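# Inside the fold
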Amino acid sequence: MLTAKDYNHAESFMSYNTAQYIDHAPSRPNWISGDRFWFRDLTANGSEFILVNATTGKISTPFDPEKLAAALAAVTGKTYTAGHLPFQSFSFTNNEQSISFQAGGKQWEYSLTDNTCKEIPRKSTGNSDRRGGGNEVLSPDGKRAVFIKDYNLWVKDIASGKLTQLTTDGIKDFGYATDNAGWKHSDAAIVLWSPDSRKIATFKQDQRKAGDMYLVTTNVGHPELKAWKYPLPGDKDIITIQRVVVNVDTPAVITLQVPADPHRATLSDDISSGGTFDDVDWKADGSELAFVSTSRDHKQEKVRIANAQTGAVREVFEETVATQFESGQGSINWRYLAASNELIWFSERDNYGHLYLYDAISGKLKNQITKGDFTITRLLKVDEKKRQLYFLADGGQTVNPYFTGFYKVDFDGRHLTLLTPETGNHQVSLSPSGSYFTDSYSQPDVAPVTVLRNMDGKLISTIQKTDLSRLLATGWKPAIPVTVKAHDGQTNIYGLLFTPTHIDPAVKYPVIDYIYPGPQGGSIGSWSFMASRGDNQSLAELGFVVVEIEGTSNPLRSKSYHDMNYGNMAENTLPDQIAGIRQLAKKYTNMDTSRVGIWGHSGGGFATAAAMFRYPDFFKVGISESGNHENRNYEDDWGERYNGLEYIQADGKSNYEAQANEVYAKNLKGKLLLAHGLMDDNVPPGNTMLVVEALIKANKNFDLVVFPNSPHGYGKYSPYMMRRRWDYFIQHLKGATPPQEYELKMTTDPRNAD
């Protein structure tokens, strides 16, 4: 029997408990003018704000924290210390004569000249009810902001607050700049301002014929129906976008002279997943707009350039692939270089993600820029004057192909240079001028170091070295990186292993496999150092060996590797998981492969149920959270991208049917817990209900947890789900009794306390 003390010990390994024992952890640099940046440094004594001048390497403080603490105390009546100021970020104001910050729900200004602090009244334009909830997109010059109102675009003059309507023909389900990818929908305007702040590239989104999705709230009295457009694979009508350019000075709409495009992007399953309107790039003077049209099945990409005055469009070139095209990871990697009439293009045509240089007039390939057994993930900088590119890429380090490095190369492919030579996963941030960058590098079991370099890779200074001394003193230990063979017996796959800190060599521990199969990502996520990865170590402390294995079909390696499960997403890397666990058990003999559990969320929930139904003799206990068990019931773009378009086979069945979990539910032998939020607008709860119905029809015992009014990630119910997960594995995989209704505390790092 386990006690509350055991659970409390396990909880001590959660991130909200381990973070407070890490000193000098990497902090995001906040770049300001003059190639300077500030960051917040956390130590055992609290926090300190540091200012770095990248040009000189000089490190200083942006303000005197003791004087600020005293000034703030004088106006609030509260006591503060230099290491425990009640804010985590600030901004310089009044030509750096003061700083502003939020504390206690109020806005404050602290004068750096006379050390006084005063509250700044929040300004109101009186137009908040007309701005679409503040979802404004600021122009490059900072003088105007565009927003949606009543399906049309409006612009606000920042100085005067004056509002001007830009479009007039937007209507319900056929409005301007609408953000709706099915799983993602908001009131934010999807636009890209021209560099001169005089035009906007956007679209009219036509979803009039697209099918609806429905969810119903749980409450006393009449429930509220939530309905929105959510096309499914195989639907005749999906959401399309009619591309337009909107003149702002003299409002006018120029419709680009091309047919409406499917609501698709080269990067992922939304046209704004890159943080703005994806796959569009302006000429500097706003006269031309380059864009890419993606086919419904993501197999065809058409590169086009539009005349922003007339709407005329010319075809530049196109690329067609056998499976699915993507333009990188995390950001769009193609660029329109109008000054030289060239295009930087990303392609996996030689089996790895590389960059190519095209003539933007003729559409002819000039040369391949990068070559080799590595994959470019993000193009960060294009220096047109020096004709150099700066990019992140995976695969350059033999120790782990997922470690990211930062490189530069000439347009002609010469002088490929690694700018981050240390072994590990590198996270970089470029200065505003593009002359310097910070680099925080680490490994899953090696603490981070943060350095400052120039763009030739020359080390200027070491900014931070993370200190784990206090964390190690608590008994914490890092995850163990592992390498095994995939189910083919040849391909190297990588993972992490978590064992109890006080492991008993005489005990055989049950195994828990945490899975997220992708194919747009993987189980590990970031390969940088993390003191806590979800509740993996917490589960290990409860008496398990926990594994995360990055199976085949991860996108960060070769194209052929990523496509291993194309058209058969139901494989879910499960053969790799089984092969990997069996290999690990030969080395780590404490692993009991007769007691293997598995759990995952979303795609991991899909994989977990598939594991329990398709490999019931190997996986004995599963916890499937919010799974997309039936991809005909999940948004159209994701399935059609990675599985292909739906069609009816010779046997009269859909090609999607063989991958649906409910078809195999009758095979269940072990213990299965299903969970879903009833207001999940990403993976609608009907996905789980289909499995529930199939299990009932098959007369199978199973467990079910539903969260009323809860989204995809469970929100405030997440601690409850975690506790139920611990209980379930303790009871059914370990064969023990959990403590009664333990409550997770979810504490806050005291260094962040207000």
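The structure this text deals with has already been given above.
What this report covers is the structure whose coordinates are included nearby. (Residues numbered from 1 in each chain as written. Predicted model: local features only at pLDDT ≥ 70, side-chain atom pairs only at ≥ 80, totals over all residues. Heavy atoms only, no water.)

## A word on the sheet that holds strand 27 (residues 335-337)
Spatial strand order, 27-28-29-30: four strands in an open sheet with antiparallel pairing. Both outer strands of the open sheet, strand 27 and strand 30 (365-368), are each paired with one neighbouring strand and no more. Going across the sheet, the axis of each strand differs from the next one's by a mean of 25°, ignoring polarity. Where strand 28 (residues 342-347) meets strand 29 (residues 354-359), six bridges bridge the pair, whose relative direction is antiparallel. (Pairing = 2+ DSSP bridges. Helix = DSSP H or I, 4+ residues; strand = E, 2+ residues; numbered from the N terminus. Axes fitted to C-alpha atoms, helices over the stretch in contact; angles between N-to-C directions.)

## A look at unusual backbone geometry
That bond from Gly518 to Pro519 is cis: its omega, 10°, falls within 30 degrees of zero. Looking at the secondary structure, you find Pro519 in the loop between strand 41 (509-514) and helix 5 (536-541). Backbone geometry at Asp35 places phi at a positive 50°, although glycine is not the residue there. The topology assignment puts Asp35 in the loop between strand 1 (30-32) and strand 2 (36-43). Since its relative accessible area comes to 11%, Asp35 is described here as buried. One non-glycine residue, Asn115, adopts positive backbone phi at about 55°. Within the secondary structure, Asn115 sits in the loop between strand 7 (106-111) and strand 8 (117-119). (Buried < 20%, exposed > 50% of the residue type's maximum accessible area, 1.4 Å probe, protein only.)

## Some words on the packing of helix 1 (residues 4-11) against helix 11 (residues 718-732)
Close contact between helix 1 and helix 11 brings their axes to 13 Å; oriented N to C, the two are set at 120°. With respect to each other, helix 1 and helix 11 are oriented oblique. Helix 1 and helix 11 meet at a crossing whose hand is right-handed. Contacts from Tyr7, Ala10 and Glu11 of helix 1 reach helix 11 at Arg723, Trp726, Asp727 and Ile730. (Parallel < 35°, antiparallel > 145°, perpendicular 65-115°, else oblique. Left-handed = near helix turned anticlockwise from the far one by under 90°. Contact = heavy atoms within 4.5 Å.)

## Some words on the pattern of salt bridges
This structure, assessed with the given rule, holds 38 salt bridges. For the salt bridge of Arg304 with Glu315, the shortest nitrogen-to-oxygen distance reads 2.9 Å. Separated by 11 residues along the polypeptide, Arg304 in strand 25 (residues 300-307) and Glu315 in strand 26 (residues 313-320) bring together distant segments of the chain. On the accessibility criterion, Glu315 (46% relative accessible area) is partly exposed. Salt-bridge contacts for Arg349 lead to Glu319; the nearest nitrogen and oxygen are separated by 2.8 Å. You can see Arg349 sitting in the loop between strand 28 and strand 29 and its partner Glu319 sitting in strand 26, a full 30 residues away along the chain. Looking at Arg349, the relative accessible area reads 39%, which means it is partly exposed. (Salt bridge = Lys/Arg side-chain N within 4 Å of Asp/Glu carboxyl O.)

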